[in-house]
Amino acid sequence: MKAAIYIRVSTAKQVEQGLSLQAQKQTLQRYAEGLGYEIVACVRDAGISGKKMSNRPGIKRILAMVEKGKVGVVLVYSLSRFARNTIETLQAVKLFQKHNVALVSYTEKIDTQSAMGSFFVTMLAGLAELERQVTSDRNKHTAQYKREKGEAIGQLPWGKAKQGKKLIDAPEEIQVISRIEAYRADGMSYAKIAQALTVDGVKNKLGKCSWTAPGLSQLLKRRAINA
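The sections below set out a description of the structure shown in this document. Keep in mind that what you see is a predicted model, and the values were worked out from it rather than measured. (Residues numbered from 1 in each chain as written. Predicted model: local features only at pLDDT ≥ 70, side-chain atom pairs only at ≥ 80, totals over all residues. Heavy atoms only, no water.)

Looking now at helix α5 (residues 86-98). At 3.6 residues per turn, the α-helix brings residues three or four places apart onto the same side. Here α5 is 13 residues long and its end C-alpha atoms lie 18 Å apart, about the 18 Å a rise of 1.5 Å per residue gives. The complete set of buried residues in α5 reads Thr-86, Ile-87, Glu-88, Thr-89, Leu-90, Ala-92, Val-93, Leu-95 and Phe-96. Once α5 finishes, Asn-100 follows within two positions and takes phi at roughly 55°, a positive value. (Helix = DSSP H or I, 4+ residues; strand = E, 2+ residues; numbered from the N terminus. Expected span 1.5 Å × (residues − 1). Buried < 20%, exposed > 50% of the residue type's maximum accessible area, 1.4 Å probe, protein only.)

In structure tokens form, the structure reads like this:
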């Protein structure tokens, strides 16, 4: 079976030394030979920390090989070298399963197409959902804390300005918001409101006289969250 090896190191020092990459490569080559796999590619991400998969050229190449049916197995030294978190691992495994490709991890001794590997995927799905819920709860608690402290939640909302960490009213922006809300109360669409503001030369957060319907909708939503 054709296999691709994926290896990664996260620091520039490791890249210069080349030790970690070479050690991973040699270990995985021996492991693949023992399993009877034919190695057709060795892909690496050197000096790249645990960024998202979409920001790693090596992992993007691996995923492209999987989608094009060029390999039947992807070998990694450990799951921590492969994906940043449980959710990313599960997403990749699902893509592999769709194309009948196995993910094999040397350190954890996991093969996603074996019986134990299938059980691992089931556990992974549960852990990913737990991770999502924990992150969601953490974000909600953080947002609530900031609201109680009078701090901004995410991007600075319209009608507010920063004074240190505190939010204070921005009178000129509040006038614009009042105008938008009055237009909406009169039944005007976001598209027509955007056109009216643009024609009248009203400036947005970037200081430009350019408005869009989606931008106005988002403005009022964020205004409600941070009110």
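After that view, the rundown keeps rolling.
Let us now look at the packing of helix α7 (residues 171-185) against helix α8 (residues 190-199). Between α7 and α8, the shortest axis-to-axis distance is 10 Å and the interhelical angle comes to 140°. Relative to α8, α7 is oriented oblique. Note that α7 runs across α8; the crossing there is right-handed. Here Arg-179, Ile-180, Tyr-183 and Arg-184 of α7 come into contact with α8, specifically with Tyr-190, Ile-193, Ala-196 and Leu-197. The residue inventory of the contact of α7 with α8, partitioned by class, reads six nonpolar, no polar and two charged. (Axes fitted to C-alpha atoms, helices over the stretch in contact; angles between N-to-C directions. Parallel < 35°, antiparallel > 145°, perpendicular 65-115°, else oblique. Left-handed = near helix turned anticlockwise from the far one by under 90°. Contact = heavy atoms within 4.5 Å. Nonpolar A, V, L, I, M, F, W, Y, C, P; charged D, E, K, R; others polar.)

Glancing now at the packing of aromatic side chains. Any aromatic ring pair is given by two values, namely how distant the centres are and how the planes are angled relative to each other. Scanning the entire structure with this criterion turns up four aromatic pairs. With 6.1 Å between their ring centres and 65° between their planes, Phe-82 and Phe-96 make a pair best called edge-to-face. Of this pair, Phe-82 sits in helix α4 (residues 79-82) while Phe-96 sits in helix α5; the two residues are 14 residues apart in sequence, bridging distant segments of the chain. Grouping residues by exposure puts Phe-82 and Phe-96 together as buried. The rings of Tyr-6, Phe-82 and Phe-96 are connected pair by pair, giving a single aromatic cluster. One cation-aromatic arrangement involves Lys-109 over Tyr-106; the distance from NZ or CZ to the ring centre is 4.0 Å. (Phe/Tyr/Trp six-rings, centres within 6.5 Å; stacked < 30°, edge-to-face > 60°. Lys NZ or Arg CZ within 6 Å of the ring centre and 35° of its normal.)

If you look at the biggest cluster of nonpolar residues, it comprises 27 residues, and the most contacted ones within it are Tyr-6, Ile-62, Val-74, Phe-82, Phe-96 and Leu-103. Residue assignment for this core shows that the elements contributing at least two residues are β1 (2-9), β2 (38-46), α3 (57-67), β3 (73-76), α4, α5 and α6 (115-149). In this structure, Val-74 is in contact with Ala-4, Ile-62, Val-66, Phe-96, Val-101, Ala-102, Leu-103 and Val-104, ignoring residues within four places of it in sequence. Counting residues in each nonpolar core, the second largest holds 13 residues, with Trp-158, Val-176, Trp-211 and Leu-219 among its members. (Core = buried A, V, L, I, M, F, W, Y, C linked by side-chain atoms within 4.5 Å.)

Right, let's get into the environment of Asn-204. The residue Asn-204 is located in the loop between α8 and α9 (213-225) in this model. On a C-alpha basis, the gap between Asn-204 and Val-176 in space is 9.4 Å, while along the polypeptide they are 28 residues apart. In this view, Asn-204 contacts Trp-158, Ser-210 and Trp-211; residues no more than four positions away in its chain are not counted. A polar atom in the side chain of Asn-204 sits 2.9 Å from the backbone oxygen of Ser-210. (Polar contact = N/O pair within 3.5 Å; in protein donor to acceptor, adjacent residues only side chain to side chain.)

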